[in-house]
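This is what each chain is made of:
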Amino acid sequence: QSATGASPSGYRAPAQYVCARRKEPIGPPCAGPRIATADLDARLWDVLVDAVLSPLIGERVARVRRDGTPSHDPDAAIRRATVELARLDRAEATLVARVDRITAAVLDAQLARLATARQAARDAIAAAEAQRRAQRVTVAAVATMDAALARLREAMPRATPTERRELAAILLGDVEIG
């Protein structure tokens with residue numbers, strides 16, 4: 001409820017938050033209290049400042065961001081797959097060197113098995129490289145978030161009432177009580 005509509009004596013009631021059902025009675029009217037906007041805004045701002053200044057918020061956001069990224073070492077996976085590719089190349093060279101001692105059917109079956117294993121090793125390398133890229137993006141995103149959080153922490157004490165409302169809307173989203 002706004003602070004408009006002054007009385008004949010010029011008195012304006014302070015602005016208040018009221019339940020939407022007081023204005024549009026659908027069913028039983030709301031019995032919730034009217035709350036002075038200045039009081040609630042100050043309490044809300046104090047809670048937001050405490051939350052943003054808490055060292056735990058950065059850790060929680062970083063943990064949530066990292067949880068989508070597998071934790072195993074992509075470089076180790078690439079090394080293992082590269083070693084496997086070298087082993088498969090040696091095995092194929094051995095087969096080809098013995099071509100005169102094995103049947104064509106056995107050679108074809110072994111070459112097909114080696115081709116399947118080689119493709120699996122290449123897929124493992126591609127997956128590990130994708131994971132490495134994802135980890136770099138995650139590290140960059142966490143660093144960006146840390147920098148933004150530091151700027152926010154620095155700016156919060158100087159925020160104007162309008163900036164406070166905008167920030168509360170960003171952090172809390174659309175909130176309707178009642």
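To start, this report covers the structure provided alongside it. (Residues numbered from 1 in each chain as written. Predicted model: local features only at pLDDT ≥ 70, side-chain atom pairs only at ≥ 80, totals over all residues. Heavy atoms only, no water.)

## Concerning the overall build of the chain
Put simply, the test is: Note on conventions: DSSP H or I runs of at least 4 residues are helices, E runs of at least 2 residues are strands, and numbering of each starts at the N terminus. Think of it in three bands: with a 1.4 Å probe and only protein chains considered, a residue is buried below 20% of the maximum accessible area for its type, exposed above 50%, and partly exposed in between. Contacts: residue pairs with any heavy atoms within 4.5 Å of one another. For every accessible area listed, the method is Shrake-Rupley and the probe measures 1.4 Å; residues are considered covered only by the protein chains on display.
What the chain contains, in helices and strands, is six helices and two strands. Moving toward the C terminus, one meets the helices and strands of the chain in the order β-α-β-α-α-α-α-α. For the chain, buried positions account for 19% of its 178 residues. Restricting to contacts in the chain with at least 6 residues of sequence separation, those with at least 24 account for 59%. Total accessible area on the chain is roughly 12,700 Å²; 59% of this is exposed by carbon and sulfur atoms.

## Focus on the nonpolar core
Basically, it comes down to this: Only buried residues count toward a nonpolar core. Its members are Ala, Val, Leu, Ile, Met, Phe, Trp, Tyr and Cys residues joined through side-chain atoms within 4.5 Å.
Membership of the largest hydrophobic core is limited to eleven residues, which are Trp 45, Leu 48, Val 49, Val 52, Val 142, Met 145, Leu 149, Met 156, Ala 159, Leu 167 and Ala 168. Elements that contribute at least two residues to this core include exactly α2 (37–53), α5 (104–155) and α6 (161–172). Sorting elements by how many residues they give to this core places α2 first, with four residues. Sequence-distant contacts of Val 52, defined by excluding residues within four places in its chain, comprise Ile 57, Leu 149, Leu 152, Arg 153, Met 156 and Leu 171.

## Re the environment of Glu 84
Formally: Contacts described as polar in this section are N or O atom pairs within 3.5 Å, which, within protein, must combine one atom able to donate a hydrogen with one able to accept it, while residues neighboring in sequence count only if both atoms come from side chains.
Considering the arrangement of structural elements, one finds Glu 84 in helix α4 (residues 74–97). Residue Glu 84 is classed as partly exposed on the basis of its relative accessible area of 26%. Placed 34 residues apart in sequence, Glu 84 and Arg 118 show a C-alpha to C-alpha distance of 7.9 Å. Only 2.8 Å separates the side chain of Glu 84 from the side chain of Arg 87, close enough to count as a polar contact.

## Observations concerning α6
Short version of the rule: To estimate the expected span of a helix, subtract one from its residue number and multiply by 1.5 Å.
Compared with an ideal rise of 1.5 Å per residue, which puts twelve residues at 16 Å, α6 spans 16 Å between its outermost C-alpha atoms and is within 8% of the ideal. One or two residues past the end of α6 sits Gly 173, with phi positive at roughly 75 degrees.

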